[in-house]
Amino acid sequence: MAMLAPGVLDSIAAGEQLDRLTTDYLIKSGFPAIWSDQHKQFAAL
């Protein structure tokens, strides 16, 4: 969680994240460290 983009963390904290964006998904997906790439990957969910 420490490497997630601030905007993604804000969405999670506000309960606005996608249902498919789970800790299991984050662990298995090997999400990118670059924040703009994270936004692209999570938007495709």
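Before going into details, it helps to say that this report is about the structure given with it. (Residues numbered from 1 in each chain as written. Predicted model: local features only at pLDDT ≥ 70, side-chain atom pairs only at ≥ 80, totals over all residues. Heavy atoms only, no water.)

**Describing the packing of aromatic side chains**
Then, in step 1: For the coordinates displayed, the defined rule picks out 2 aromatic pairs.
Then, in step 2: Here the aromatic rings of Tyr-25 and Phe-42 are separated by 6.4 Å at their centres, their planes lie at 65 degrees, and the arrangement is edge-to-face. Of this pair, Tyr-25 sits in helix α2 (residues 23-29) while Phe-42 sits in helix α3 (residues 35-43), and the two are 17 residues apart along the sequence.
Then, in step 3: Owing to a relative accessible area of 22%, Tyr-25 belongs among the partly exposed residues under this scheme.
Then, in step 4: Taking relative accessible area as the criterion, Phe-42 reaches 6% and is therefore assigned buried.
Then, in step 5: Aromatic side chains Phe-31 and Phe-42 sit 6.4 Å apart centroid to centroid with 50 degrees between the ring planes, which places their arrangement in the tilted category. You can see Phe-31 sitting in the loop between α2 and α3 and its partner Phe-42 sitting in helix α3, a full 11 residues away along the chain. (Phe/Tyr/Trp six-rings, centres within 6.5 Å; stacked < 30°, edge-to-face > 60°. Helix = DSSP H or I, 4+ residues; strand = E, 2+ residues; numbered from the N terminus. Buried < 20%, exposed > 50% of the residue type's maximum accessible area, 1.4 Å probe, protein only.)

**Some remarks on the pattern of salt bridges**
Then, in step 1: One pass over the full model with this rule turns up 1 salt bridge.
Then, in step 2: Here Asp-24 makes a salt bridge to Lys-28, at a shortest N to O gap of 3.4 Å. Pair noted here: Asp-24 and Lys-28 are both in helix α2, with a separation of 4 residues, about one helical turn.
Then, in step 3: For Asp-24, a relative accessible area of 41% corresponds to the partly exposed category.
Then, in step 4: For Lys-28, a relative accessible area of 66% puts it in the exposed group. (Salt bridge = Lys/Arg side-chain N within 4 Å of Asp/Glu carboxyl O.)

**Here's the deal with the nonpolar core**
Then, in step 1: Formed by Leu-4, Ala-5, Val-8, Leu-21, Leu-26, Phe-31, Phe-42 and Leu-45, the largest nonpolar core amounts to 8 residues.
Then, in step 2: Leave out the neighbours within four places in its chain, and Val-8 touches Leu-21, Gln-38, His-39 and Phe-42. (Core = buried A, V, L, I, M, F, W, Y, C linked by side-chain atoms within 4.5 Å. Contact = heavy atoms within 4.5 Å.)

**Thoughts on the packing of helix α1 (residues 6-13) against α3**
Then, in step 1: In contact at an axis separation of 9 Å, α1 and α3 are set at 45 degrees when each is read in the N-to-C sense. Here α3 runs oblique to α1, going by the angle between their axes. Contact with α1, carried on its side by Pro-6, Gly-7 and Val-8, involves Trp-35, Gln-38, His-39 and Phe-42 of α3 and no other residues of that element.
Then, in step 2: For the contact of α1 with α3, the residue count by class is 4 nonpolar, 3 polar and no charged. (Axes fitted to C-alpha atoms, helices over the stretch in contact; angles between N-to-C directions. Parallel < 35°, antiparallel > 145°, perpendicular 65-115°, else oblique. Nonpolar A, V, L, I, M, F, W, Y, C, P; charged D, E, K, R; others polar.)

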